[in-house]
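Architecture at a glance
What follows is each chain in one-letter form.
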Amino acid sequence: MLKSMTGYGRREAVTDGKKILVEIKSVNHRYSDYNIKVQRHLGFLEDKIRKYVSRSITRGKVDIYLNVENFETADKMISLNKAAAKNYIDALYCLRDEFGLKDDITVTSVAKNPEVFQVERLDEDEEQLWNTVRGVLDGALDDFVAMREREGERIERDLCERIAYMKTLSDEIDRRSPQTVKEYSDRLYEKIKEVLDGTEIDETRILTEVAIYADKVAVNEETVRLASHFTEFDNIVNSGEPAGRRLDFLIQEINREVNTIGSKAGDIDIAKTVVTLKGEIEKLREQIQNIE
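Residues numbered from 1 in each chain as written. Predicted model: local features only at pLDDT ≥ 70, side-chain atom pairs only at ≥ 80, totals over all residues. Heavy atoms only, no water.

1. Details of the overall build of the protein
Here is the rule we go by: To qualify as a helix, a DSSP run of H or I must reach at least 4 residues; to qualify as a strand, a run of E must reach at least 2; elements of each kind are numbered from the N terminus. Here's how the labels work: a residue is buried when its accessible area is under 20% of the maximum for its type, exposed when over 50%, partly exposed in between, all with a 1.4 Å probe on protein chains only. Contacts are assigned to residue pairs with any non-hydrogen atoms lying within 4.5 Å of each other. In short, Shrake-Rupley with a 1.4 Å probe defines the accessible areas, and a residue's cover is counted only from the protein chains shown.
A count of helical and extended segments in the protein gives eight helices and six strands. Counting helices and strands in the order they occur from the N terminus, the protein gives β-β-β-α-β-β-α-α-β-α-α-α-α-α. Looking at the protein residue by residue over its 292 residues, the buried ones come to 34%. In the protein, 79% of the contacts between residues at least 6 apart in sequence involve partners at least 24 apart. For the protein, the accessible area works out to roughly 17,600 Å², and carbon and sulfur atoms hold 49% of it.

2. Notes on the packing of helix 7 (residues 244–264) against helix 8 (residues 268–288)
Just so we agree on the cut-off: Here an angle of 0 to 180 degrees is reported between the N-to-C directions of two axes, which are lines fitted to C-alpha atoms, with helices fitted over the stretch in contact. The labels follow the angle: roughly parallel below 35 degrees, roughly antiparallel above 145, roughly perpendicular from 65 to 115, and oblique for the rest. By convention, the crossing between two helices is left-handed when the near helix turns anticlockwise from the far helix through less than a right angle, and right-handed when the turn is clockwise. When residues are grouped by polarity, Ala, Val, Leu, Ile, Met, Phe, Trp, Tyr, Cys and Pro land in nonpolar, Asp, Glu, Lys and Arg in charged, and all others, Gly among them, in polar.
It is at 10 Å that the axes of helix 7 and helix 8 come closest, and there the two elements cross at 165°. One finds that helix 7 runs roughly antiparallel with respect to helix 8. Handedness of the crossing formed by helix 7 with helix 8: left-handed. On the side of helix 7, the interface is formed by Gly-244, Leu-247, Asp-248, Ile-251, Ile-254, Asn-255, Val-258, Asn-259, Ile-261 and Gly-262, while helix 8 contributes Ile-270, Val-274, Leu-277, Lys-278, Ile-281, Leu-284, Arg-285 and Ile-288. Across the contact of helix 7 with helix 8, the residue classes tally to 11 nonpolar, four polar and three charged.

3. With respect to the packing of aromatic side chains
Here is the rule: Aromatic contacts are taken between Phe, Tyr and Trp rings whose centres are within 6.5 Å, Trp giving its six-membered ring; a plane angle under 30 degrees counts as stacked, one over 60 as edge-to-face, and the others as tilted.
One pass over the full model with this rule turns up one aromatic pair. Pairing Tyr-52 with Trp-130 gives two aromatic rings, centres 5.7 Å apart and planes at 85°, and the pair type is edge-to-face. Of this pair, Tyr-52 sits in helix 1 (residues 45–53) while Trp-130 is found in helix 4 (residues 126–195), placing the two residues 78 residues apart along the sequence. Since its relative accessible area comes to 16%, Tyr-52 is described here as buried. For Trp-130, a relative accessible area of 6% corresponds to the buried category.

Written out as structure tokens, the structure is:
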């Protein structure tokens, strides 16, 4: 099954005394590009998250957001900076005495000075926290991949329908090609006879030359290769592996064969079919840019 490069997943849970939120979203990108946002003190999780999700996401511009809040236990230790508090209070008393101000010094007024307190973040058990986060990350990743698969299924149906249509167009060219070769041969033969009118004609030589030039408008080799490319398309789609880059290359090969048919065949019906094929190729190319 094909997967789209566009997806979104979100999970939130309270576990082990922590509220954990994980969001994953992605858009198209030629390669894999991960942008992981976590709180500064959780920076050690970035590499773990990147390695973990890369097993499920091989292509796309992926944004991952993680937020962790402690509910049951404190993650910070607050202590009094006695020296700073004393200096601050002494300064307030000096201000009071110097200018004869009303003494309204309180705990609240002193506590407003941020230097009075020292805040230290407590060390986390990194492995334990990662195991806790991973459970929520798994849920968000499941939702994310499921959305990619749903969108990929829609794209796959569209691609397969277009390839099936292109097969019918290629078959039309294949059926028409022998007739165009014969018509070209007949025109060429009559033209040569007209030019050589009144001279001795080596019928065998003329037929040989006509056959050589007529072969230049035959497109059976191209239609055979197109059939092979269509079969390979089905194989890639059904492989169950990331297919975007391989399909992109295959579409280039299909386009090359169609261009060759258009340049070789001088038949108006085939030319019209080639135009239709090229239109389908462009639609395929647009869709394939969305595939992982």
